[in-house]
Amino acid sequence: MRTKGRFAPTPSGPLHEGSLQTAAASWISARRQNGQWWVRIDDLDAARCPPGATACILQQLEAYGLHWDGHPVYQTQHVERYRHAREVLARAGALYPCDCTRAERRARLQETPSAYDQHCWRHPHTPARTPAWRLILDDADLHWNDQLQGPQHATRAQLGDPIIWRQDDIPGYALACAVDESAMAITEVVRGDDLRQETAPQLQIARTLGHRPAKYHHVPLVMDASGRKMSKQNHAAPLPDDPSGMSAAMLRVLTRLGHTLPPMLHRAAPVLQLRCVLESLRAS
Ligand SMILES: [Zn+2]
């Protein structure tokens, strides 16, 4: 089957060097296999997505030579698809409602790790308010192979029954992502290591829905000067948009991903730097 990869940013602001690294890793992996590379805009949480952010991200990808196939896919256009998947999971007995407030969870979890304690599963009751829906993780299913990091294992207690539908009626990450990977026929997911623990629920959802799961690769995160993950929450600087800044940013990204460029290309446009990496990968 032909490789189909994707990059799926949340349009919460412009891309930074950390997101460029994830995008480039995913693009290079798909293109070196002569595969397709699609862009999906994970815009379900409108409160996090300021106007104009999507246009800015697409313009940045274009400027950095990360050209995509087809038209960008918007998650907000597929909410009915996620709702249907939630119903299938509910009928399969894989979900339970949880009406715990954050304060209630915090009060119970003071001495234990932050994962959910399965309170509403242990004590079924009529929800006092609109509930969130949690996935009952099956311990037997929580083994998987990361293409980059090797065999992985987690327990239900560690992951704490992820929310696949939020109290505010927004689909959760694992559900929307698993449903989309299948609907888009994605064969490989290359993304940041902060999302590695999302893999187990996504694989379980895909299997329960009868979908063939993608292969997962989790690439190391880019840290800022104070050792924190480079992210929009940590106020990472947007990618440069001047030619020399762009070449330098792509050079750093490619170097961290283990690619070497000849010195004559250190100041070349990112599109030429990427082309050089692809040619040397295909030749090797
Ligand atoms: Zn609960």
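Details of the structure are given in the entry above.
Values in this document were obtained by computation on a predicted structure and should not be read as measured data. (Residues numbered from 1 in each chain as written. Predicted model: local features only at pLDDT ≥ 70, side-chain atom pairs only at ≥ 80, totals over all residues.)

Trainee: Break down the sheet that holds strand E2 (residues 36-41) for me, citing the residues and quoting the values.
Mentor: Taken in spatial order, the 3 strands line up as E1-E2-E3 in an open sheet, and their pairing is parallel. The sheet terminates laterally at strand E1 (4-7) and strand E3 (73-74), the two strands that pair on one side only. Of the pairings in the sheet, the one linking E2 to E3 comprises 2 bridges and is parallel in character. Each bridged residue has a counterpart across the sheet, and for Arg 40 the counterpart in E3 is Val 73. (Pairing = 2+ DSSP bridges. Helix = DSSP H or I, 4+ residues; strand = E, 2+ residues; numbered from the N terminus.)

Trainee: Describe helix H7 (residues 173-183), listing the residues and the values that go with them.
Mentor: For H7, a buried count of 10 out of 11 residues is recorded, marking the element as mostly surrounded by other parts of the structure. Where H7 is concerned, the buried positions are Tyr 173, Ala 174, Leu 175, Ala 176, Cys 177, Ala 178, Val 179, Asp 180, Glu 181 and Ser 182. Summarising the contacts, the buried residues of H7 are in contact with E2, helix H3 (79-91), strand E8 (163-165), strand E9 (188-192) and helix H8 (199-208). One or two steps after H7, the chain reaches Ala 185, where phi turns positive at roughly 55°. (Buried ≥ 20, exposed ≤ 12 C-beta atoms within 10 Å, placed from the backbone. Contact = placed C-beta atoms within 7 Å.)

Trainee: Account for the environment of Leu 239, with residues named and values stated.
Mentor: Mapped onto the elements of the fold, Leu 239 is located in the loop between strand E10 (215-219) and helix H9 (243-256). Note on Leu 239: 23 C-beta atoms within 10 Å, which makes it buried. When the C-alpha positions of Leu 239 and Gln 60 are compared, they lie 7.9 Å apart, and in sequence the two are 179 residues distant. Leaving out residues up to four positions away in the same chain, Leu 239 has contacts with Pro 14, Leu 15, His 16, Glu 17, Leu 20, Gln 60 and Ala 249.

Trainee: So what about unusual backbone geometry? Which residues, and what values?
Mentor: One non-glycine residue, Asp 161, lies in positive phi territory at about 50°. Positionally, Asp 161 belongs in the loop between helix H6 (156-159) and E8. With 23 C-beta atoms packed within 10 Å, Asp 161 lands in the buried category. One non-glycine residue, Ala 185, adopts positive backbone phi at about 55°. Relative to the helices and strands, Ala 185 resides in the loop between H7 and E9.

Trainee: I'd like a description of the pairing of E2, backed by residues and values.
Mentor: Of all 6 residues making up E2, 5 are buried, and the element is well covered by its neighbours. With 4 bridges joining them, E1 and E2 adopt parallel strand pairing. Each bridged residue has a counterpart across the sheet, and for Gly 5 the counterpart in E2 is Trp 37. With respect to chirality, the unit in which E1 leads through helix H1 (residues 17-32) into the neighbouring parallel E2 is right-handed. (Right-handed = clockwise from strand over helix to strand, strands pointing away.)

Trainee: I'd love a proper account of the packing of H7 against H8, names of residues and values included.
Mentor: As a packed pair, H7 and H8 sit with axes 9 Å apart at the nearest point and diverge in direction by 55°. In terms of their interaxial angle, H7 and H8 are classed as oblique. For the element pair H7 and H8, the recorded crossing hand is right-handed. Facing Ala 174, Leu 175, Cys 177, Ala 178 and Ser 182 of H7, the residues of H8 in contact are Pro 201, Gln 202, Ile 205 and Ala 206. By residue class, the composition of the contact of H7 with H8 is 7 nonpolar, 2 polar and no charged. (Axes fitted to C-alpha atoms, helices over the stretch in contact; angles between N-to-C directions. Parallel < 35°, antiparallel > 145°, perpendicular 65-115°, else oblique. Left-handed = near helix turned anticlockwise from the far one by under 90°. Nonpolar A, V, L, I, M, F, W, Y, C, P; charged D, E, K, R; others polar.)

Trainee: Mind laying out the nonpolar core, listing which residues take part and the relevant values?
Mentor: Counting residues in each nonpolar core, the largest one holds 33 residues, and the members touching the most others are Leu 20, Ala 23, Ala 24, Trp 27 and Leu 61. For this core, the secondary structure elements donating two or more residues are H1, E2, helix H2 (53-63), E9, H9 and helix H10 (270-283). When residues of this core are assigned to their parent elements, the largest contribution, 7 residues, is made by H1. With residues up to four places along the chain from it excluded, the contact list for Leu 61 reads Ala 23, Val 39, Leu 66 and Trp 68. Formed by 26 residues, the second largest nonpolar core is a distinct cluster that contains Leu 89, Leu 175, Cys 177 and Ala 178. (Core = buried A, V, L, I, M, F, W, Y, C linked by C-beta atoms within 7 Å.)

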